[in-house]
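# Fold and geometry: a report
Here is how the chains run, residue by residue.
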Amino acid sequence: MMQRIRTRYAPSPTGRMHVGNLRTALYAYLIAKHEGGDYLLRIEDTDQERQVEGAVEIINRTLEKTGLIWDEGPDKDGGVGPYVQSERVTAGIYMEYAKKLIEKGEAYYCFCDKERLESLKTVIDGKEITVYDKHCLHLPKEEIEANLAAGKPFVVRQNTPNEGTTTFTDVLYGDITVPNAELDDMILLKSDGFPTYNFANVVDDHLMGISHVVRGNEYLSSAPKYTRLYQAFGWEEPQYVHCPLITDENKKKLSKRSGHSSYEDLVEQGFVDEAIVNYVALLGWSPEDNNEIFSLQELVEKFDYHRINKSPAVFDMNKLRWMNGEYIKMMDPEKYYVRALPEVKKVITKPLDLKKIADLMKTRIEVFPDIAEPIAFFEELPAYDVSLYTHKKMKTDPEISLAILKDMLPMLEAQEDYSLEGLRASISAYIEQSGRKTGQVLWPLRIAVSGQAMTPGGAYEIMEILGKEESLARIRKGIEKLS
RNA sequence: GGCUCCAUGGUCAAGUGGUUAAGACAUCGCCCUUUCACGGCGGUAACUCGGGUUCGAAUCCCGAUGGAGUCACCA
């Protein structure tokens, strides 16, 4: 009997979403939607100090823009709310469940202060490690009561045995067994009454009926503690899907802390939502066939989480750029123009046909900011060297170029029709009657009107956009330089 | 350092005992083209090492090595 799949994305509102989080959100979404299940959004705002103003809005916006629409969440009650953990704290949910554990002897009050905890610290390889010594587990009942009555600050800790092992099962990694001695008595409830991430996760995932817990590989090592919690409660464990890490080029885990790109950073850098989603989906997963370009809908159809990889993947900006270029080429012209226009305006202030200029760049860029530099010559003819007029393959040099430009000048002065077609007609007629090669004529012309060896579009396109007056001025300037 | 995970070209990645070890990005070359780009064609480039098991291992087992993650009143 197949249970209904329910997954959740449970971010903490601490800022922008980096791509690792985005991919976790995506996989959770795909796993649920592939089977027609539910996708929930739960806000894990249990750390008072790390709250960032507006972070929830960023999460909402990011999920909406990428199409990862949740079925239940803070704004969509599915009957298992609230979906914001701070509200669940107020409702007393975590305290209630913590007390159940205390009654069972699976958890205990701990009154140790910072100083005592500090003394438990050891430094190994430059890293601070604290292993709690179960000091408060052995407190006499009367002392606990007295402390509580006196209002002494406390935390609640999980009581893990020092012997034996704990085994949990991950869909991707199989059974993983860990010695219990490695599992320290983690804090369930903090002294401010808020739960820790770990405790809140277990309680909420259970209460919200989550069937598949999708999260990053960095949580693999804390999973056994969860198992102990589920067992302590007598709850059935969900399926775990620990996604492989996404790393930087140095194989280090992507993190905001290290200044790695967030989704919004990428958008600001000129990437397209669909391309980011598509690329990130392929980091750790591949379809049965060899396709690489997928819409979100296609991903929903094709995604099989059993094909998720186990090894970490390096985030390759190069390939993202390529993929982004593919998306830009496929992009709806109107949508393209909306994104392209601001980039065009960065370098063009003259009343030229900005649409035509933008269109020239559509197949030539990977990200939108690539637009500006190659089109700057439209605004103003750059200073250039006459050596540009020399091109071996086109069989042209300054002397030939001068002859050609002088030849064409009167003709172009007489011409009124500066449309692509008009220019093509008269110039190709000239080419024919002059007996010259197409390239030999067009090369100098393009150099004259653009001042650079490489341009988006050819001489016709450029002249059409520049218009008669400016085109002629640039050709005269070319003649002047060559004379 | 303990524990855990991982290991196919520079990167992503297919591959589940017998393949000329796919494909994509990047890179290089050629073609197309008035340049560039697009597009097309082609090249270089990989199973970490050592033991097993087997008629036969990239594929299964063990070990080594390497890398990563984690060891907070952060998530």
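These numbers come from a predicted model, not from an experiment.

## So, the overall build of chain A
- Of regular secondary structure, chain A possesses 19 helices and 13 strands.
- Here the C-alpha radius of gyration of chain A, 32 Å, is well above what a compact globule of 483 residues would show, namely 23 Å.
- Taking the principal axes of its C-alpha atoms as reference, chain A extends roughly 110 × 50 × 35 Å.
- Here chain A holds 483 residues, and the buried ones make up 49% of them.
- Contacts in chain A between residues far apart in sequence, at least 24 positions, make up 74% of those at least 6 positions apart.
- With an accessible surface of roughly 23,300 Å², chain A has 50% of that area assigned to carbon and sulfur atoms.

## A look at the sheet that holds strand S3 (residues 107–110)
- Spatially, three strands are ordered S3-S6-S9 in an open sheet, and the strand pairing comes out antiparallel. Looking at which strands have only one partner, the edges of the open sheet turn out to be S3 and strand S9 (187–189). Shown here is a sheet whose adjacent strand axes are inclined to one another by a mean of 40°, direction ignored.
- Those strands touched by helix H4 (residues 93–103) are S3, strand S6 (155–158) and S9, and its axis lies near 110° from that of S3.

## Observations concerning the protein's contact with RNA strand B
- Taken together, 64 residues sit near RNA strand B, with Glu182, Lys190, Lys252, Glu292 and Arg364 positioned nearest.
- Here RNA strand B approaches the protein such that, of its atoms within 4 Å, sugar and phosphate make up 69%.
- At 3.3 Å, a backbone N or O of leucine 282 approaches a sugar or linking oxygen of RNA strand B.
- If you list the elements that add at least two residues to the surface near RNA strand B, you get strand S5 (127–130), strand S8 (174–179), strand S13 (313–314), helix H12 (317–330), helix H18 (438–450) and helix H19 (459–482).
- Broken down by element, the residue count for the surface near RNA strand B peaks at five residues, all from H12.
- Residues that form the surface near RNA strand B fall into these classes: 25 nonpolar, 17 polar and 22 charged.

## What to know about the packing of helix H16 (residues 398–414) against helix H17 (residues 420–434)
- Two elements in contact, H16 and H17, have axes whose closest approach is 11 Å; the angle formed by their N-to-C orientations is 135°. Classed by the angle they form, the pair H16 and H17 counts as oblique. You can see that H16 and H17 cross each other, and the crossing is right-handed. Residue-level contacts link Ile404, Asp407, Met408, Met411 and Leu412 of H16 to Leu423, Ser426, Ile427 and Tyr430 of H17.
- Among the residues making up the contact of H16 with H17, the classes are represented as seven nonpolar, one polar and one charged.

## Some words on the pattern of salt bridges
- As enumerated under the stated definition, the model contains 32 salt bridges in all.
- In this structure, the salt-bridge partner of aspartate 38 is arginine 4, at a minimum N-O distance of 2.9 Å. Here aspartate 38 is found in strand S2 (residues 38–41), whereas its partner arginine 4 is found in the segment before strand S1 (6–9), with 34 residues between them in sequence.
- Taking the relative accessible area as the measure of exposure, aspartate 38 reaches 11% and is therefore buried.
- The network of salt bridges with common partners includes Arg8, Arg42, Glu44, Arg88, Asp204 and Asp205.

## Regarding the packing of aromatic side chains
- Enumeration over the complete set of coordinates arrives at 18 aromatic pairs.
- Look at phenylalanine 168 and tyrosine 240: their rings are 6.0 Å apart centre to centre, the planes differ by 85°, and that puts the pair in the edge-to-face class. Taken together, the residues span a long stretch of sequence, with phenylalanine 168 in strand S7 (residues 165–170) and tyrosine 240 in strand S11 (residues 239–243) at a distance of 72 residues. Summarising the burial analysis for this pair, phenylalanine 168 and tyrosine 240 share the class buried.
- On the numbers, 5.0 Å between centres and 35° between planes, the contact of tryptophan 285 with phenylalanine 303 is tilted. Taken together, the positions of tryptophan 285 in the loop between helix H10 (273–281) and helix H11 (296–302) and phenylalanine 303 in the loop between H11 and S13 put the pair 18 residues apart, joining distant regions of the chain.
- The buried category is assigned to phenylalanine 303, whose relative accessible area is 1%.

## A short note on the side chain of threonine 66
- Relative to the helices and strands, threonine 66 resides in helix H2 (residues 55–66).
- Residue classification places threonine 66 among the buried residues on the basis of a relative accessible area of 6%.
- Only 2.7 Å separates the side chain of threonine 66 from the backbone oxygen of threonine 62, close enough to count as a polar contact.
- Separated by 3.2 Å, the side chain of threonine 66 and the backbone oxygen of leucine 63 make a polar contact.
- Excluding residues within four positions of it along the chain, threonine 66 makes contact with Leu22, Tyr263, Val277 and Leu296.

## Description of the nonpolar core
- By size, the foremost hydrophobic cluster in this structure holds 105 residues, and its most contacted members are Tyr336, Phe378, Leu412 and Leu445.
- Ignoring anything within four residues of it in the chain, the contact list for phenylalanine 378 reads Ile348, Leu352, Ile357, Leu360, Ile462, Ile465, Leu466 and Arg474.
- Residues Tyr97, Phe111, Met186 and Tyr226 belong to the second largest nonpolar core, which totals 40 residues.

## Topic: the environment of glutamate 416
- Here glutamate 416 is to be found in the loop between H16 and H17.
- According to the relative accessible area criterion, glutamate 416 is exposed, its value standing at 65%.
- On a C-alpha basis, the gap between glutamate 416 and lysine 468 in space is 7.6 Å, while along the polypeptide they are 52 residues apart.
- In this structure the side chain of glutamate 416 is engaged in a polar contact, spanning 2.9 Å, whose partner is the side chain of lysine 468.

Cut-offs applied
Residues numbered from 1 in each chain as written. Chains lettered and ligands numbered in written order. Predicted model: local features only at pLDDT ≥ 70, side-chain atom pairs only at ≥ 80, totals over all residues. Heavy atoms only, no water. Helix = DSSP H or I, 4+ residues; strand = E, 2+ residues; numbered from the N terminus. Rg over C-alpha atoms; globule rule 2.2 N^0.38 Å. Buried < 20%, exposed > 50% of the residue type's maximum accessible area, 1.4 Å probe, protein only. Contact = heavy atoms within 4.5 Å. Areas by Shrake-Rupley, 256 points an atom, 1.4 Å probe, with all protein chains shown as cover. Pairing = 2+ DSSP bridges. Axes fitted to C-alpha atoms, helices over the stretch in contact; angles between N-to-C directions. Near = heavy atom within 4 Å. Polar contact = N/O pair within 3.5 Å; in protein donor to acceptor, adjacent residues only side chain to side chain. Nonpolar A, V, L, I, M, F, W, Y, C, P; charged D, E, K, R; others polar. Parallel < 35°, antiparallel > 145°, perpendicular 65-115°, else oblique. Left-handed = near helix turned anticlockwise from the far one by under 90°. Salt bridge = Lys/Arg side-chain N within 4 Å of Asp/Glu carboxyl O. Phe/Tyr/Trp six-rings, centres within 6.5 Å; stacked < 30°, edge-to-face > 60°. Core = buried A, V, L, I, M, F, W, Y, C linked by side-chain atoms within 4.5 Å.

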